Amino acid sequence: MELANTMNTIWGVLSIVAEFISVVLLVSLFVPGFRENALVRFFANNAILVAFVVSGLAMAGSLTYSEVIGYSPCVLCWYQRILMYPQALLMGIALGRKDRSIKLYGLVMSIVGGVIAAYHYIGQLGGTPLPCSAVGVSVSCAQKFTLEFGYITIPMMAFSAFALIATALAVSIVKDRSASAA
């Protein structure tokens, strides 16, 4: 149980950091002058690396929760994994090949994954009916294995990772388009 508590704290803190950076990057998409902020420039210039690291950490955390700690993933968790895990591999290949065209694909995968994670999180709060609690296929999607800092559950951790990947890639795409238009 000590490992679970440590993981919850580490991933909870990382989620908060990801949420903060995502908000800053999101603001920069709508406030052009804000794009000159050093933090925004860093994420715009290193979006594929950020996506690689974040998706790799999310995959490692997810696998640690299920394979080491023993939390069974629900159906919605599997959908989120389907959209997160390949990004670690794809972004790694793109980094090695210096292939910047991957950004749009990662953005789309992260937006879809983020929507599923948000739906899952809202369902855990009782706001939407969740599919797996009724079908008996897996553990209930409503089950909260962790609740860190009063609001961070595993779906919120996934949402935070998807949000950071999506906003970093979006800021980078906007930067690339601005540079090619100039």
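Thoughts on the pattern of salt bridges
Here's step 1: Under the criterion given, the structure shown has two salt bridges.
Here's step 2: Taken together, the shared-partner salt bridges in this structure form one network comprising R100, K103 and D176.

Describing the packing of aromatic side chains
Here's step 1: In this structure the tally under the stated criterion is two aromatic pairs.
Here's step 2: With centroids separated by 5.3 Å and ring planes inclined at 85°, the aromatic side chains of F42 and F43 adopt a geometry described as edge-to-face.
Here's step 3: You can call F42 partly exposed: its relative accessible area is 43%.
Here's step 4: Aromatic pair Y65 and Y71: ring centres 5.5 Å apart, planes at 15°, arrangement stacked.
Here's step 5: A relative accessible area of 5% places Y65 in the buried class.

Section: the packing of helix α1 (residues 2-30) against helix α3 (residues 47-69)
In a pair of packed helices, the angle between the axes and the distance between the axes together describe the arrangement.
Here's step 1: In contact at an axis separation of 11 Å, α1 and α3 are set at 160° when each is read in the N-to-C sense. Taken as axis vectors, α1 and α3 run roughly antiparallel relative to one another. Classified by chirality, the crossing of α3 by α1 is left-handed. Touching L3, A4, M7, N8 and W11 of α1 are L57, G61, T64, Y65, V68 and I69, all from α3.
Here's step 2: Across the contact of α1 with α3, the residue classes tally to eight nonpolar, three polar and no charged.

Here we look at the nonpolar core
Here's step 1: Ranked by internal contacts, the top residues of the largest apolar core, which has 36 residues, are L25, F43, L164 and L169.
Here's step 2: Of all the elements in the fold, those that place two or more residues in this core are α1, α2 (38-45), α3, α4 (75-97), α5 (103-124) and α7 (154-181).
Here's step 3: With 11 residues, the single largest contributor to this core is α7.
Here's step 4: With sequence-adjacent residues up to four places away left out, L164 is seen in contact with A18, I21, S22, L25, F43, V50 and V54.
Here's step 5: In terms of nonpolar packing, the next biggest core, distinct from the first, is built from nine residues, A4, Y121, I152 and M157 among them.

A short note on the environment of E2
Here's step 1: Assignment of secondary structure puts E2 in helix α1.
Here's step 2: Along the primary structure E2 and I111 are separated by 109 residues, whereas in three dimensions their C-alpha atoms are 33 Å apart.

Regarding α5
Here's step 1: With 22 residues, α5 ought to run about 32 Å at 1.5 Å a step, and its terminal C-alpha atoms sit 31 Å apart, in line with that.
Here's step 2: One or two residues past the end of α5 sits G126, with phi positive at roughly 95°.

Each value, and the rule that gives it
Residues numbered from 1 in each chain as written. Predicted model: local features only at pLDDT ≥ 70, side-chain atom pairs only at ≥ 80, totals over all residues. Heavy atoms only, no water. Salt bridge = Lys/Arg side-chain N within 4 Å of Asp/Glu carboxyl O. Phe/Tyr/Trp six-rings, centres within 6.5 Å; stacked < 30°, edge-to-face > 60°. Buried < 20%, exposed > 50% of the residue type's maximum accessible area, 1.4 Å probe, protein only. Axes fitted to C-alpha atoms, helices over the stretch in contact; angles between N-to-C directions. Helix = DSSP H or I, 4+ residues; strand = E, 2+ residues; numbered from the N terminus. Parallel < 35°, antiparallel > 145°, perpendicular 65-115°, else oblique. Left-handed = near helix turned anticlockwise from the far one by under 90°. Contact = heavy atoms within 4.5 Å. Nonpolar A, V, L, I, M, F, W, Y, C, P; charged D, E, K, R; others polar. Core = buried A, V, L, I, M, F, W, Y, C linked by side-chain atoms within 4.5 Å. Expected span 1.5 Å × (residues − 1).

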